[in-house]
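So you can see what is in the structure, the chains are spelled out below.
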4 protein chains.
Amino acid sequence: MLIDKMTSYEFKKAMFLYSGALREMNTKIQIINEEFALKQKTNPIEHIKSRLKTPESIIAKLVRRGYQPTFENALKYVDDIAGIRIICAFTKDIYILADIINSQSDITVLRVKDYIANPKENGYRSYHMLVDVPVFMSDEMSKARVEIQIRTIAMDFWASLEHKMRYKFESQIPENLNFDLLECAEIVSYLDEKMLLLNNEIEKYKV
Amino acid sequence: MLIDKMTSYEFKKAMFLYSGALREMNTKIQIINEEFALKQKTNPIEHIKSRLKTPESIIAKLVRRGYQPTFENALKYVDDIAGIRIICAFTKDIYILADIINSQSDITVLRVKDYIANPKENGYRSYHMLVDVPVFMSDEMSKARVEIQIRTIAMDFWASLEHKMRYKFESQIPENLNFDLLECAEIVSYLDEKMLLLNNEIEKYKV
Amino acid sequence: MLIDKMTSYEFKKAMFLYSGALREMNTKIQIINEEFALKQKTNPIEHIKSRLKTPESIIAKLVRRGYQPTFENALKYVDDIAGIRIICAFTKDIYILADIINSQSDITVLRVKDYIANPKENGYRSYHMLVDVPVFMSDEMSKARVEIQIRTIAMDFWASLEHKMRYKFESQIPENLNFDLLECAEIVSYLDEKMLLLNNEIEKYKV
Amino acid sequence: MLIDKMTSYEFKKAMFLYSGALREMNTKIQIINEEFALKQKTNPIEHIKSRLKTPESIIAKLVRRGYQPTFENALKYVDDIAGIRIICAFTKDIYILADIINSQSDITVLRVKDYIANPKENGYRSYHMLVDVPVFMSDEMSKARVEIQIRTIAMDFWASLEHKMRYKFESQIPENLNFDLLECAEIVSYLDEKMLLLNNEIEKYKV
């Protein structure tokens, strides 16, 4: 059981690796942001948040999905133990960042889910990448998976409300709230589109 | 001239006071946020940014307004040398925070401008407070002015684009861009309203 | 029992106050440091560490001293629930900082212990102040106690080894280790004295 | 001339690379520290400081050494444009850290200077490594040199005074001060030795 192993050396070492992978990924993203600032004179990234899932929420996720809460299942089925979220102003920056991450030779992209091109049923929009990140330790190099979520400011605002709703009602979300949430998602999407158009207009002008 | 005094002791001392007032105000706001988390189990504040105006931009502001760029004029006419920006998720949190800041007995509120109730012509929405903050030094207590801007995530997103536009075109903003900016401001306002309604709905439900 | 109350609102509110007092005190000390840099062109403070005692170690301290581990006893008998440590390069800076803290009109100094003039038997040197710090909340002003420890870099190095020793052996410290620890304390004290003399020599020279 | 190029893209790109290398190296060292904490239950590292040399001090260094202050000479002759300093409690930890850095497969150690085994004439003790660090950019991988200095708390304290002295007197240090500085270096060395012995004694005991 994972519960028994939460204080085990094996579990701590796994968490150390995930935490190391988060640090490496954070550093990479900051370097990418600075390179952008150098070349395009704009920072595409508004802010970055990273988090390690707690043992409790790893267990909860396994149970919710019908798996035994073992250490092995955690490594196998929980992809977002280490998660990093990148918030951009504009949708186009999301794809530019995704391309750059994709082209880094020491990172392996395992999977991509484009919930912007294909939003979830409830209106969720975000770009997800699952990557393998090398972590250099004293005597070996190991790899750990990090889930990267890239979204706009407006998508992130929406997602925080959606999370609050899911957290409160679990799977029993009242019909009318689901409807309102979807409506908000559409306004978010419309706002992002208009703001991007305006931004492109501004950049086109020679002054 | 301010330019001559930029390295003077007098100027450095003034900047030290503004910087101290910013630190004090930052600390206050973090304590308010934690008190909220304690009592309401939610954090009203998404993030806080603070900045000191550089001597260059103080001078630019004075010149733009037709004042001589002297040290005395800087203290007298530039209210936002020390600025702090508080970003909330929901409009209602803005007014709650403003009330709490207003009720702090060691802070003096000098002026309030509610650009949410009365948006600027171009669509700008934000709640501004100008306050006097005590700074305790080794041998005396002094006061320094801080401009506090409180706005929602969506208003802040809009404002960053408006700033970029103003910075690029100065007063010569093309008519069509101004029109688009105003349209975006209305979508922002509509989104904030819808998200707040949905949030209130979620909170009303007993689960 | 404190143990029962660890998740109570009453306990959380007390911890919130201690944490707020730490933030306020930290801000004060940073402002003092910047004022110094402005006036003397040197920063007396090398670094600042602050920490809140965990409920577990509050209980342990009460039990060790023969008190019931209740919430009331914690507030009454544990003076260092909120602790802040200031590390200086030179002994003279310790007394300058203590004077400045003492003269702040919004802080009440409750007690002073000068373990530099009067080292503990095992060689421990440090300057301790117990102060009451105002914390401004939304509807009231409250006070919380903070223990301030001011020491030199060398005293701090020694203290970390002394702490490790006490933690390992509790009250059963082998005689020879105690002897070696005292010898180290004397070298520390000698080094601090020599470094201060050299520093004063350097500052005396006009170049 | 470097002076002309300080605002050039070429110079900014070089500084971006050095800054990226510092970030990468910082991340590496934090991961090493956490791995240590995991395996030995102690953190060898007290703190880490990193800094980029300003253009002004790069020029000053080139001039002092008799080189033209050109961009090419900066890259060629100034090894410590990007510098990182690791402070440990005990001398033995310095060598353990150096070994680990040395064994990282993506880092190339260009040069080592062991000023602990062979102190400088004035008493300076520290372990220096010059390394090449890979920096992954959007379309290529580049390398940048970082100078790593590893020293104990006591060595670092001494070095800050030595730096102050050198900064004040440049090459004209009064004889008696040089003598006192050397004496302090010997006390530092004696203290480090005694503290390490005591630490080893403490660790040997089974409790």
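Values in this document were obtained by computation on a predicted structure and should not be read as measured data.

Visitor: How should I be thinking about the overall build of chain A in this particular structure?
Guide: Along the backbone of chain A there are seven helices and five strands. In terms of principal-axis extent, the alpha carbons of chain A reach across some 65 × 50 × 20 Å. Out of the 207 residues belonging to chain A, those deemed buried represent 54%. The long-range share in chain A, meaning contacts at least 24 apart out of those at least 6 apart in sequence, stands at 66%. Surface summary for chain A: the accessible area is close to 9,800 Å², and the carbon and sulfur share equals 51%. Placing the 29 positive and 30 negative side-chain charges of chain A at their respective mean positions leaves the two points 2 Å apart.

Visitor: I'm lost on the arrangement of the chains in this one. Help?
Guide: Between chain A and chain C there is no contact, and the shortest C-alpha to C-alpha distance separating them is 18 Å. There is no contact between chain B and chain D; across them, the least C-alpha separation is 18 Å.

Visitor: Looking at this structure, I do not really get the interface of chain C and chain B. What am I missing?
Guide: Many authors give the size of an interface as the accessible area that is lost as the parts come together. Taken together, the contact between chain C and chain B spans 26 residues of the former and 26 residues of the latter. Buried area between chain C and chain B, both sides added, is near 2,600 Å², and the carbon and sulfur share of it is 55%. Contact with chain B buries surface across chain C, with Ile31(C), Leu38(C) and Phe136(C) losing the most and accounting together for 25% of the total. Applying the counting criterion to the chain C and chain B interface returns two salt bridges. Where chain C meets chain B, there are 13 residue pairs in polar contact (both at pLDDT 80 or more). Where the side of chain C that touches chain B is concerned, the elements lending two or more residues are helix 2 (9-40), helix 5 (91-103) and strand 4 (127-136) of chain C. The element best represented in the side of chain C that touches chain B is helix 2 of chain C, accounting for 16 residues. In terms of residue class, the side of chain C that touches chain B is made up of eight nonpolar, eight polar and 10 charged.

Visitor: Explain the environment of Ser189(D) here, please?
Guide: Residue position: Ser189(D) is located in helix 7 (residues 175-204). In this structure, the C-alpha to C-alpha distance between Ser189(D) and Ser126(D), residues 63 residues apart in sequence, is 11 Å.

Visitor: Any chance you could explain the relation of the copies chain C and chain D here in plain terms?
Guide: The two chain copies are related to each other by a rotation about an axis together with a translation along it. If you rotate chain C by 180° and push it 0.0 Å along the axis, it lands on chain D with an RMSD of 0.0 Å. Classification of the inter-copy transformation places it as that of a two-fold axis.

Visitor: Would you mind going over the pairing of strand 5 (residues 141-152) of chain C with me for this structure?
Guide: Strand residues, when the strand is regular, have side chains that alternate between the two faces of the sheet. Residues and elements named next belong to chain C. When you tally the buried positions in strand 5, you get 10 out of 12 residues, the bulk of the element. Where strand 2 (residues 82-88) and strand 5 come together, six bridges link them in parallel fashion. Across the sheet, Arg85 pairs through a bridge with Gln149, a residue of strand 5. By the bridge criterion, 10 bridges tie strand 4 to strand 5 in an arrangement that is antiparallel. Note that in strand 5 the partner of Pro134 across the bridge is Lys143. In textbook terms, the turn of a hairpin is the stretch between consecutive antiparallel strands, and for strand 4 and strand 5 this stretch comprises four residues.

Visitor: Where do I start with the confidence of the model for chain A in this structure?
Guide: Interpretation of this model should avoid reading the predicted coordinates in detail wherever pLDDT is low. All names here are of chain A. Mean pLDDT over chain A: 91, with 96% of residues reaching 70 or higher. Per-residue pLDDT, averaged within each element of chain A, yields its smallest value for helix 1 (residues 2-5) (56) and its largest for strand 3 (residues 108-114) (98). Among the scores for the predicted complex, ipTM is 0.89 and pTM is 0.91.

Visitor: How should I be thinking about the sheet that holds strand 5 (residues 141-152) of chain B in this particular structure?
Guide: Paired through backbone hydrogen bonds, the strands of a sheet run either parallel or antiparallel to each other. Residue and element names in this part refer to chain B. The five strands lie next to each other as 1-2-5-4-3, forming an open sheet whose pairing is mixed. Both edges of this open sheet fall to strand 1 (45-52) and strand 3 (108-114), since each of them pairs with a single strand only. Neighbour-to-neighbour, the strand axes of this sheet turn through a mean angle of 25°, independent of strand direction. Together, strand 1, strand 2 (82-88), strand 4 (127-136) and strand 5 form the strand contacts of helix 2 (residues 9-40), whose direction differs from that of strand 1 by roughly 175°.

Visitor: Just checking my understanding: could you explain the environment of Ala89(A) for this structure?
Guide: Of note, Ala89(A) is situated in the loop between strand 2 (82-88) and helix 5 (91-103). Beyond its immediate chain neighbours, meaning those up to four positions away, Ala89(A) contacts Pro44(A), Glu46(A), Thr152(A), Ile153(A), Asp192(A) and Phe157(B).

Visitor: What is the right way to read the relation of the copies chain C and chain B from this model?
Guide: By a simple turn and slide, chain C fits onto chain B: the slide is 0.0 Å along the axis, the RMSD is 0.0 Å, and the turn is 180°. A share of 100% of interface residues in chain C that are also interface residues in chain B marks the association as one of identical surfaces.

Visitor: Sorry if this is basic, but what is going on with the state of the cysteines here?
Guide: By definition, a disulfide links the sulfur atoms of two cysteines through a covalent bond. This model, assessed by the stated rule, comprises zero disulfides over all chains. With no disulfide partner, Cys88(A) has as its closest neighbouring cysteine sulfur the one in Cys184(B), 18 Å distant. Overall, the relative accessible area of 0% leaves Cys88(A) in the buried class. Summary of cysteine pairing: Cys184(D) is not part of a disulfide, and the nearest cysteine sulfur, belonging to Cys184(C), is at 18 Å.

Visitor: Looking at this model, I keep getting lost on the packing of helix 6 (residues 153-169) of chain A against helix 7 (residues 175-204) of chain A. Mind explaining?
Guide: How two helices pack is summed up by the angle between their axes together with the distance between the axes. All names here are of chain A. Contact geometry for helix 6 and helix 7: axes closest at 9 Å, N-to-C directions at 170°. Compared by their axis directions, helix 6 and helix 7 come out roughly antiparallel. Taken together, the residues of helix 7 that come into contact with helix 6 (itself represented by Ala154, Met155, Trp158, Glu162, Met165 and Phe169) are Leu177, Asn178, Leu181, Cys184, Ala185, Val188 and Asp192. A class-by-class count of the residues in the contact of helix 6 with helix 7 yields 10 nonpolar, one polar and two charged.

Visitor: Where do I start with the sheet that holds strand 2 (residues 82-88) of chain D in this structure?
Guide: Residues and elements named next belong to chain D. Spatially, five strands are ordered 1-2-5-4-3 in an open sheet, and the strand pairing comes out mixed. Of all strands in the sheet, those bounded by a partner on one side alone are strand 1 (45-52) and strand 3 (108-114). Shown here is a sheet whose adjacent strand axes are inclined to one another by a mean of 25°, direction ignored. Here helix 5 (residues 91-103) sits on the sheet in contact with strand 1, strand 2, strand 3, strand 4 (127-136) and strand 5 (141-152), set at roughly 165° to strand 5.

Visitor: I would appreciate a short explanation of the interface of chain C and chain D in the present structure.
Guide: Contacts between chain C and chain D engage 32 residues on the former and 32 residues on the latter. Between chain C and chain D, a total of about 3,400 Å² is buried, with carbon and sulfur atoms accounting for 78% of that surface. If you look at where chain C meets chain D, you find four salt bridges. In this structure, the salt-bridge partner of Glu183(D) is Lys194(C), at a minimum N-O distance of 3.6 Å. Taken together, the links from chain C to chain D amount to 12 residue pairs in polar contact (both at pLDDT 80 or more). For the side of chain C that touches chain D, the secondary structure elements donating two or more residues are helix 6 (153-169) and helix 7 (175-204) of chain C. The biggest single contributor to the side of chain C that touches chain D is helix 7 of chain C, with 18 residues. Among the residues forming the side of chain C that touches chain D, the class breakdown is 21 nonpolar, three polar and eight charged.

Cut-offs used in this document
- Residues numbered from 1 in each chain as written.
- Chains lettered and ligands numbered in written order.
- Predicted model: local features only at pLDDT ≥ 70, side-chain atom pairs only at ≥ 80, totals over all residues.
- Heavy atoms only, no water.
- Helix = DSSP H or I, 4+ residues; strand = E, 2+ residues; numbered from the N terminus.
- Buried < 20%, exposed > 50% of the residue type's maximum accessible area, 1.4 Å probe, protein only.
- Contact = heavy atoms within 4.5 Å.
- Areas by Shrake-Rupley, 256 points an atom, 1.4 Å probe, with all protein chains shown as cover.
- Lys, Arg positive; Asp, Glu negative; His and termini not counted.
- Charge placed at Lys NZ, Arg CZ, Asp CG, Glu CD.
- Buried area = accessible area lost by both parts, 1.4 Å probe.
- Salt bridge = Lys/Arg side-chain N within 4 Å of Asp/Glu carboxyl O.
- Polar contact = N/O pair within 3.5 Å; in protein donor to acceptor, adjacent residues only side chain to side chain.
- Nonpolar A, V, L, I, M, F, W, Y, C, P; charged D, E, K, R; others polar.
- Least-squares fit on C-alpha atoms with pLDDT ≥ 70 in both.
- Pairing = 2+ DSSP bridges.
- pLDDT = per-residue confidence, 0-100.
- Axes fitted to C-alpha atoms, helices over the stretch in contact; angles between N-to-C directions.
- Disulfide = S-S within 2.5 Å.
- Parallel < 35°, antiparallel > 145°, perpendicular 65-115°, else oblique.

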